[in-house]
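Overview (structure and organization)
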Amino acid sequence: RSDGEEEEEDEDEDDDDEDDDSDDDFSDVGDDDEVDRKSKTTKPFRESTDVQQGKTVFIRNLSYDSLDEDVEELFLQFGDIKYCKLVVDPRTEHSRGTGFVQFSTKEAAEKCVQQASTEGLSLGGRMLNVSIAVSRQQAQKLTEEKKEKEKKPTDKRNLYLAREGLIRPGTQAALGLTDKDLAMRQKVEKIKREKLKNPAIFVSDTRLCVRNIPITMGDRDLRRLFLKALGDKSVNITESRVMRDLKNVNSQGVGKSRGYGFLTFDRHKHALKALRETNNNPNLLSNGRRLIVEFSLENKLALKKKEMRVTKAKNARQVAKKNNKKQVPEQNGTNKLTNSPSQPTAPSSQQPLSRKQKRKLRQQKRREKLQQEKLEELDNVKVSNQQSGVKAVKGTKGLPSHLGPKIRQRDRGRDVQKVVKRPKPRTTLQQTKQEPQRKMKAGKQQTPAKPSRRANKPERQEEARFDQLVHRYKEKLFGKDSGGQLKKSKWFNG
C-alpha cells in the first residue's frame, strides 16, 4: 500500500471514534433528564396503617426528662406494646413533651384513652393528655381549625363601645354645637384616648358617664330625666349619682356639683338606647344645654379591690352573727346548738385538666353569646334623636386613629391643595429696623441711630459720644454732601 492510502484509512477510523463518543455523550444527557423527571414527580401520600387500625395513642404534657422506658412501663398495664416513641426536636435534640405508643390490640388503646379521661394518668408528677392518634393531614386540619377559632375577635375590654356617641367637627351632628361645647367634647375624647392606653381600663357596657349636667340637678332629677327620655317602664336604673365636691359644702351639708355623674342600668340594651336618646339632644333640657353621654371607663384592678373589700366585710358580719348566736345559749345555761353530723362528701375525681378545659369552654361560650347579643343590639336599637353622633360598629376597636373631621374614602390619595400663607403685615418695629438699610441702598445719607433705652450705662454713653465725635470729624474733612458717595476703604490703604 502507498503512504497516501494508509493516511486516509487512519482519518476514517478517527472520524468513526468521534461519532461513537458523541453518541455516548447524548445518551448520558438523556439518562440525566430521566433521573430529574423521576425526582421531580411527587410521590402519592400514603397513610400509615397504624392510624387506620386505631391501635396508636398520642400523648401530650410529657416531662422533658421522660424516657421511652418510663412511658412504656406506665402503659404496659393496658396491654402489649409494639413500640413507644418520643417526639424529638431535630435542632435541639430534646424531647418536645409528646410521644406515640402503639398497642397490639385496638381494645387496649381504647381502654388507655378511657382511663386517662376518667381517672387520669400521671408520669413524673404531670397529668398526661392521651388521645387516639390521627393522620398527618387530619392533624394539620385540626391545627388550622384551632387557629381560626383563636383568630375570632374577642373584645374583652368592649373597645368598640368607646366610639359610641363620638361627634366629629364638620359632621351633621356637630352643626348646632357651639365652639365651647365642641372644645369640651374634644377634651373628653383626648382624656379617653390616654386612659385606654392602660390595659387594665375597659369600657363598661351597662354604666354611662353623663357630663355637662346643670349644677342644680341632683341624683333623683338625673334618674327622672333619663326615664322620661326613654319612656319605657321596664327600664331599671340601679345607680344614679351626681359627683360632688365635698370640700365645698353648703349650709345643708351638700357638696357643690361637679357637672358630671354616672348611671348604671341592669341591661346593655337599655344603656345603649339611653345614650343614643340623650347624647347631644338639644330638646332634652330647657335652656338648650346638650349632655355629653358616653359609656363609662372602669379600672379592672380597682373593681377587684372593691369586691375584696365587700366580701371581707360580708364575712366579718357573718362571723359576728355566729358569735352572737353562740353567746345567747351560754347565758341561759343550756347549749341548744348541736353539731350536726358531717355528711360524707363524694370523692372528687382527679380531673384537673378536663375540669379546667370544661370550665373555660363554658365561660368562652357564655362570653361569645353575650358578645353576639350585644353586637346584634347595635342595629336593633331605634331612637328619635338623630344627632347622637357616631354609632358603634361590629369589628371596630377603640377610637379613630386620628383627631378632627372624618376623612372620606373617596378623598384618600388625592392631592390636597395647600393653603398659601399670606405674609404678615410688618410692624412698626420691623419697619424702623429696615429703613436704614433701604437708605444705604438708595445712596442716601444714613442718619445716626438714636440711642436705645438700654443705653443708660456710663460705658455705653461714652461710646455714643465717641461715635458722635468721629462723625463730626469726618464731616469737617470730607464735607456733608460727599460722605455718602465715598467708597469704604481700609485705613492702611492711604
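The numbers attached to residues start from 1 for each chain and follow its sequence in the written order. Restriction of local features to residues with pLDDT of at least 70 applies here, the model being predicted, together with a cutoff of 80 or more for giving and counting side-chain atom pairs; totals for whole chains, interfaces and linings are based on all residues. Water and hydrogen atoms were dropped before computing side-chain values, which therefore reflect all heavy atoms in the structure.

**So, the pattern of salt bridges**
To keep things clear, this is the line we draw: Salt-bridge detection follows one rule: a side-chain nitrogen of Lys or Arg within 4 Å of a carboxyl oxygen of Asp or Glu. In this description a helix means any DSSP run of H or I spanning at least four residues, a strand means any run of E spanning at least two, and both kinds are numbered starting from the N terminus. For every residue, the accessible area (1.4 Å probe, protein chains only) is compared with the maximum for its type, and the residue is labelled buried under 20%, exposed over 50%, or partly exposed between those bounds.
For the structure on display, the rule yields 11 salt bridges. Linking Glu-239 and Arg-207 is a salt bridge whose minimum nitrogen-to-oxygen distance equals 3.2 Å. On the criterion of sequence distance, the pair formed by Glu-239 in strand E7 (residues 237–249) and Arg-207 in strand E6 (residues 201–211) is long-range, its members being 32 residues apart. This pair shows no difference in class: Glu-239 is buried, exactly as Arg-207 is. Each of Arg-207, Glu-239, Arg-241 and Glu-298 takes part in salt bridges that share partners, so that together they form one network.

**So, the sheet that holds strand E8 (residues 255–265)**
Quick note on the threshold: We call two strands paired when DSSP finds no fewer than two bridges between them. The axes used here are C-alpha line fits, helices contributing only the stretch in contact, and every angle between their N-to-C directions lies in the interval 0 to 180 degrees. In this analysis, two residues are considered to be in contact whenever any of their non-hydrogen atoms come within 4.5 Å of each other.
Strand order in this open sheet of four strands is E7-E8-E6-E9, and the pairing throughout is antiparallel. Of all strands in the sheet, those bounded by a partner on one side alone are E7 and strand E9 (292–299). When strand polarity is set aside, the average angle formed by the axes of neighbouring strands in this sheet is 35°. Where E6 and E9 come together, seven bridges link them in antiparallel fashion. The residue of E9 that forms the bridge with Val-210 is Val-293. Across the sheet, helix H6 (residues 179–196) touches E6 and E9, and the angle it forms with E9 is around 20°. Along the sheet face, helix H7 (residues 219–230) touches E6, E7, E8 and E9 and points at about 145° away from the line of E7.

**Details of the environment of Asn-299**
Looking at the element boundaries, Asn-299 is found in strand E9. Not counting residues within four places of it along the chain, the set of residues in contact with Asn-299 comprises Ala-200, Ile-201 and Phe-202.

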